[in-house]
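Residues per chain are reported as follows:
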Amino acid sequence: MRHLLLLLALIASAARAEDAKPFNPSDYPPGVQQALRYANEECASQDGGEVTFAPGTVRRIDLTGDGRDDYIVDFSETKCGDRETTYCGTGGCVMNILVTLPDGSVRKVFDGYVRSYTIVAPPVKRGAARTVRFDLHGSYCGGFGAQACVKQKAISATPFAFKQP
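Student: I'd love a proper account of the overall build of the protein chain, names of residues and values included.
Tutor: Counting its regular elements, the protein chain contains two helices and ten strands. Helices and strands in the protein chain line up, N terminus first, as α-α-β-β-β-β-β-β-β-β-β-β. Expressed as a percentage of contacts within the protein chain between residues at least 6 apart in sequence, the contacts between residues at least 24 apart total 48%. Here the protein chain displays about 10,000 Å² of accessible surface, and carbon together with sulfur accounts for 53% of that area.

Student: Let's hear about the sheet that holds strand S9 (residues 131–135): which residues, and what values?
Tutor: A sheet is described by the order of its strands in space; here three strands give the open sequence S8-S9-S10, paired in antiparallel fashion. The sheet is open, and its two edges are formed by strand S8 (116–119) and strand S10 (150–154), each paired on a single side. Looking at each pair of strands side by side, their axes are set apart by 20° on average, direction ignored. Two strands pair when backbone bridges link them, and S8 and S9 are joined in this way by four bridges, in the antiparallel orientation. Bridge assignment links threonine 118 to a residue of S9, and that residue is arginine 133.

Student: Describe in detail the pattern of salt bridges, supporting the description with residues and values.
Tutor: Summed over the entire model, instances satisfying the criterion amount to three salt bridges. Residue aspartate 66 pairs with arginine 68 through a salt bridge whose shortest N-O separation is 2.8 Å. Of the charged contacts, one joins aspartate 135 and arginine 133 as a salt bridge, the two residues approaching to 3.6 Å between their closest N and O atoms.

Thresholds, definitions, all that
Residues numbered from 1 in each chain as written. Predicted model: local features only at pLDDT ≥ 70, side-chain atom pairs only at ≥ 80, totals over all residues. Heavy atoms only, no water. Helix = DSSP H or I, 4+ residues; strand = E, 2+ residues; numbered from the N terminus. Contact = heavy atoms within 4.5 Å. Areas by Shrake-Rupley, 256 points an atom, 1.4 Å probe, with all protein chains shown as cover. Pairing = 2+ DSSP bridges. Axes fitted to C-alpha atoms, helices over the stretch in contact; angles between N-to-C directions. Salt bridge = Lys/Arg side-chain N within 4 Å of Asp/Glu carboxyl O.

This is the structure in structure tokens:
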């Protein structure tokens, strides 16, 4: 019986893998497509070749609590030709956060280097903004590269940036 369940699980996971469609920038609104064009422009400026986006480059999630999809564009797994580090450095990788406005347009509210990020558990209050925890280069907390630096920000339609002291 265990072997049968294992076989069924393997078949189901193989079917999901075949159903996964390749990343397509045109699946997203114009504002997100514009953010993705950065990867092409940066790669071309370095004579790097073709840009390859990872399937999870764009994440749809309501960050502002208004019921509309917002977007996190994470270039950490994006490749420029054979180069895997075009969009990353000691400060992390390029990340954009874009929010959808009431008129349907998309506004970039964050554009910076992030080592990693975590979306904090959803707020208890319905319609409240989500908070994102950012792991940044140590210099954003007055230290140096290897030191831990964590900042949190509730996401709204207001642009923000992290400043070095």
